[in-house]
Amino acid sequence: MTDERESSDALDRTGVDLHRRRLLLVGAAGIASTAAAAIAVHDGELGGPAETIRGEMPWAPGSADSPPGASGSDYKYFKPAELAFIEAAVDRLIPDDEVGPGAVQAGVPFFLDRQLDGPYGRGDHFYLGGPWPKGTPQQGYQSRFTPAQLYRAAIEAIDKYVASEFGGSSFAKLQPEDRDTVLRGLESDRIALGGGVEAKMFFDMLLQNTKEGYFSDPIYGGNKDMGAWKMIGFPGAHYDYLEWVERHGERVPYPPVSFKGRPGWREVKK
Amino acid sequence: MSKTLKPVDVVLVGFGWTGAIMGQQLCDAGLEVLALERGPWRDTPSDFATGFAQDELRYMWRHHLFQNLTYETLTIRNKVSEDALPMRRLGSFLLGTGVGSGGVHWNAQIWRFLPTDFLTKSHNEKRYGKRAVTAGDLTVQDWGITYEELEPYYNQFDLLCGTSGKAGNLQGKIQSGGNPFEGPRSMEYPTPPLKQTYGPTLFGEAAARLGRHPFPHPTGNLSRAYTNPLGAQLGACTYCGFCEKFGCGNYSKASPQTTVLPYLLRKQNFTLKTECQVLKVELTPDKKRATGVTYVNSAGEEFFQPAEIVILSAYVLHNVRLLLLSGIGVPYDPDTGDGVVGKNYAYQTMSSVNVFFDDKIINPFIGAGAHATVIDDFNGDNFDHGGLGFIGGAYIAGMITGGRPIEMIYTPQGTPNWGLQWKHAAAKNYLRSFNFSIHGSSMSTRGNYLSLDPTYRDVHGNPMLRMTFDFSENDLKMSDYLTDRASEVARAMNPREIKANRRSRPWNVTPYQTTHNTGGAIMGVSPKDSVVNKYLQVWDVPNVFSMGAGAFPQNAGYNPTATVAALAYHSAHEMLSRYLKQPGPLVQA
């Protein structure tokens, strides 16, 4: 049987109006906002609508795939004891001093909370299907856990380890030198943790995520006041350096700028 | 039960660079062409506009434009004796998806392979003896095509992209300022080279003092505005430093979106369907002819799309998997050496050198995807390999693609990865350091290959691809030798210190290296040792054509895209001039 119309659901982008209507329909069908509809179109490897595009370049108003950012100030993922662990750990990974902010001062714990509460925490872009035998070090991440699950399980396992090795204490209550000792033990895989958590796998993820929160655009909740960018001299989301290409050896004088602009550019109150 | 759709002349499986090129060529000849792309539609104003393109977290670390592994990944192992396990997170290579695919988030480093690169076996055997091309289980082959045959098609890609560069060899005459080692070009680059910042300039001066031959990296990050033969306009690159792994918001990077799509999508005989993944090429019972493809859309609906010609224009790994899933060609067996599909998987042997200054401000954030000064003195067979114990080579580039701080802070040898000492080293060195990229060849070996995994399946229930790979003795020797040559240039710059990051075994899937996977559907002169002929036509099923770097019998010390594109144009030319008049094998086996 030949059927040219392949699907009642297929979106025909021959007409922009139809596309626009589709976006509105998606919104109306229960995905709360047009922003959610836009995500369905852009990052739609997983279940975005199939579309037939013909006759012109598709474009629709309101469909720009702007970054998700982070909002609010309360913690959504970490429980109080977990937050205490995270603050105590990232404070050692990037300590505060006069050279530049520490990870805590830069807002990294809040960044981590929002990441773990969002798509990354849920394992978006990870393959987590089984079976799950232990791999070689070269085969990389081989856990069934999503990042959010791994943080939860690892924090519990590390606190259990600390309680047995340091007389009933928790990681957050250890002196800085002892925290460093534990962190080095995780980094080198010398500490064996139970509960399906491999020490180094968790440490590597925590360190990577900490640097992400420290150096990413402040819209994601870390890098407060662009302090990490100021410390190294990175100007941020600048778009055009043409006039500086051949000015060899000169310091580029621009203060850093975020997607949200920078202090000195007045924020419009809504 | 799948619905059968109205037949088309040509179906394109995947819509990145080769899909766009083949679509344009075949639509211009009047054929009805349908492209099936598994990912979403993507374009500059909506998906990577300048207002939010410079987002290191989202694009690089959260993989926003890359293949989502949740539904499909591949399994990996270093050797046949190991169990392959799934690549659960992208790392060593960053696979594309969606319209434009890797053509959106590439660096636009545009290279031609050397004339001798196409003769890897015969040339090296003649100059260095039989052992040079067989020792350590090397299985290198000639390509069955020459540089001279491909040269007009390299030009065609340069004209499409508006490539910025300086020719080093025009019709056999060496030109100052270009690469004196390259094969003869019939024309100068369409636009002049990018200007160089401080780091690459210092690299070039030091290399010249050592008697090397520095030149600006050829690139599709355009040095000035350009209108291509399809009427698409590109703008001058602003050196924002967000190129590789990112889409360009400025229409300055050649991509299917900036060079082909505005033209192709307006053709009445072209249709693109997104969110449609091809599962299988369907064959006649005698397996000598393809009847079309079966695909499933994101709603889970399955269709049979009949077509006269099937073009596999997805990424290397997907093309090879589709051949295996469709039962096209005989799968390669590393024990016996029999079979061809999956054979000669190769990669790229990357190493680097970091240089640190006290007195020089490098400003590493001023960058572009191919903003570099390069030496090619030690690539391919540009130097005498006598007594060195390896074949192949690399280009060495003093390169600044950007200074994105999560990925690109270099710290001196011995610096810990965290703590105050790390922070102080980052603060001290960020503005005063940069990186040399040593971009080495990858010679194929008997044990490196692609096959179907016996255990893991994708969301459609089909076996995943299995990759068996490790670096060869030949390539590690090459990489060590080249890293030493790069270190010489680094020291000649009189820095405070340098750090050489050597390549070692075993290959590790976690740290990013490069997305230059090659082989598995290799080209050659005979169906006995290759999957496709010089026109990328599958020997066993002549109405199926397999595009891309899967055709490389081994990988040269250059970025692959221009060669991929030239092979596609070459294939299209033959399809239009001969195949359409008389469908059938273009080369008699």
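Residues numbered from 1 in each chain as written. Chains lettered and ligands numbered in written order. Predicted model: local features only at pLDDT ≥ 70, side-chain atom pairs only at ≥ 80, totals over all residues.

Caption draft 1: Up close: the overall build of chain B. A count of helical and extended segments in chain B gives 13 helices and 22 strands. Scaling as 2.2 N^0.38, a compact globule of 589 residues should have a C-alpha radius of gyration of about 25 Å, and chain B matches this with 23 Å. Dimensions of chain B along its principal axes, counting C-alpha atoms only, are 70 × 55 × 50 Å. Across the 589 residues that make up chain B, the buried fraction comes to 65%. (Helix = DSSP H or I, 4+ residues; strand = E, 2+ residues; numbered from the N terminus. Rg over C-alpha atoms; globule rule 2.2 N^0.38 Å. Buried ≥ 20, exposed ≤ 12 C-beta atoms within 10 Å, placed from the backbone.)

Caption draft 2: Representation of the overall build of chain A in the model. Of the regular secondary structure elements, chain A holds 8 helices and 2 strands. For chain A, the N- to C-terminal ordering of α and β elements is β-α-α-β-α-α-α-α-α-α. Across the 270 residues of chain A, 42% fall into the buried class. Pairs at least 24 apart in sequence give 57% of the contacts found in chain A among residues at least 6 apart. (Contact = placed C-beta atoms within 7 Å.)

Caption draft 3: Geometry of helix H3 (residues 80–93) of chain A. Residues and elements named next belong to chain A. Its 14 residues give H3 an end-to-end C-alpha distance of 20 Å, which sits within 8% of 20 Å, the value for a rise of 1.5 Å per residue. Of the positions making up H3, those classed as buried are Glu-82, Phe-85, Ile-86, Ala-88, Ala-89, Val-90, Arg-92 and Leu-93. Tucked into the core, H3 has its buried residues touching helix H4 (108–117), helix H5 (147–165), helix H6 (176–187) and helix H7 (199–215). (Expected span 1.5 Å × (residues − 1).)

Caption draft 4: Seen up close, the interface of chain A and chain B. At the junction of the two partners, chain A supplies 78 residues and chain B supplies 85 residues. Taken together, the elements giving at least two residues each to the side of chain A that touches chain B come down to helix H2 (34–42), strand E2 (51–53), H3, H7 and helix H8 (227–232) of chain A. Among the elements that make up the side of chain A that touches chain B, the one with the highest residue count is H7(A) (4 residues). Among the residues making up the side of chain A that touches chain B, the classes are represented as 36 nonpolar, 23 polar and 19 charged. Both E2(A) and strand E11 (residues 270–274) of chain B contribute to a ladder of 3 bridges, which runs antiparallel. Opposite Glu51(A), over in E11(B), you have Thr274(B) as the bridge partner. (Nonpolar A, V, L, I, M, F, W, Y, C, P; charged D, E, K, R; others polar. Pairing = 2+ DSSP bridges.)

Caption draft 5: Summary view of H7(A). A rise of 1.5 Å per residue sets the reference length of H7(A), with its 17 residues, at 24 Å; its end C-alpha atoms lie 24 Å apart and thus fit the reference within 8%. With 13 of 17 residues buried, H7(A) is to be regarded as a mostly interior element.

Caption draft 6: Quick look at unusual backbone geometry. Looking along the chain, the bond that leaves Gly130(A) and enters Pro131(A) is cis, with omega of 0 degrees. Structurally, the position occupied by Pro131(A) is in the loop between H4 and H5. Of note, the bond from Arg505(B) into Pro506(B) is cis; its omega dihedral lies within 30 degrees of zero at -15 degrees. Residue placement: Pro506(B) occurs in the loop between strand E21 (497–501) and strand E22 (544–546). For Asn344(B), which is not glycine, the phi torsion reads 60 degrees and is therefore positive. Residue position: Asn344(B) is located in the loop between helix H10 (316–326) and strand E15 (349–356).

Caption draft 7: Local environment of the packing of helix H6 (residues 147–161) of chain B against helix H13 (residues 561–579) of chain B. Residue and element names in this part refer to chain B. Across the interface, H6 lies against H13 with an axial gap of 8 Å and an inter-helix angle of 110 degrees. In terms of orientation, H6 lies roughly perpendicular with respect to H13. The handedness of the crossing between H6 and H13 is right-handed. Contacts between H6 and H13 involve Leu-150, Tyr-153, Tyr-154, Gln-156 and Phe-157 on the former and, on the latter, Ala-562, Ala-565, Ala-566, Tyr-569 and His-570. Each residue belonging to the contact of H6 with H13 can be placed in one class, and the counts come to 8 nonpolar, 2 polar and no charged. (Axes fitted to C-alpha atoms, helices over the stretch in contact; angles between N-to-C directions. Parallel < 35°, antiparallel > 145°, perpendicular 65-115°, else oblique. Left-handed = near helix turned anticlockwise from the far one by under 90°.)

Caption draft 8: Here's a closer look at the sheet that holds strand E20 (residues 463–468) of chain B. Residue and element names in this part refer to chain B. With mixed pairing, the 4 strands of this open sheet are ordered in space as E5-E4-E20-E19. In this open sheet, the two edge strands, each paired with only one partner strand, are strand E5 (85–86) and strand E19 (449–457). Looking at chain direction, strand E4 (residues 74–77) and E20 are connected through 4 bridges and run parallel. Residue pairing for E20: Arg-77 is matched across the bridge by Thr-468. Here H10 sits on the sheet in contact with E4, E19 and E20, set at roughly 120 degrees to E20.

Caption draft 9: Here's a closer look at the sheet that holds strand E17 (residues 394–399) of chain B. All names here are of chain B. Pairing is antiparallel across the open sheet formed by 6 strands, whose spatial order is E8-E16-E17-E18-E15-E21. Single-partner strands in this sheet number two, and they are strand E8 (215–216) and E21. Bridge count between strand E16 (residues 372–375) and E17: 4 bridges; the pairing is antiparallel. From the neighbouring strand, Thr-373 faces E17, where its bridge partner is Gly-398. Relative to E16, helix H7 (residues 198–209) is tilted by about 20 degrees, and along the sheet it contacts E16, E17 and strand E18 (433–440).

Caption draft 10: How the structure looks around the confidence of the model for chain A. On average, residues of chain A score 85 in pLDDT, and 80% of them reach the 70 mark or higher. Low pLDDT, under 50, characterises residues 1–42 of chain A; the predicted model gives this stretch 64 contacts beyond four residues in sequence or across chains. (pLDDT = per-residue confidence, 0-100.)

Caption draft 11: Main features of the environment of Ala372(B). All names here are of chain B. As for its position among the elements, Ala-372 is in strand E16. Between the C-alpha atom of Ala-372 and that of Thr-18, which follows or precedes it by 354 residues, the distance is 26 Å. Excluding anything up to four places from it in sequence, Ala-372 contacts Pro-200, His-217, Ala-397, Gly-398 and Met-399.

Caption draft 12: Inspection of the pairing of E15(B) at higher detail. All names here are of chain B. In terms of burial, E15 is largely enclosed, as 7 of its 8 residues are buried. In this sheet, E18 lies alongside E15 in antiparallel orientation, the contact comprising 8 bridges. Bridge pairing in E18 places Ser-351 opposite Ile-438. Pairing analysis gives 5 bridges linking E15 to E21, with the strands arranged antiparallel. Bridge pairing links Asn-354 to Lys-499 in E21.

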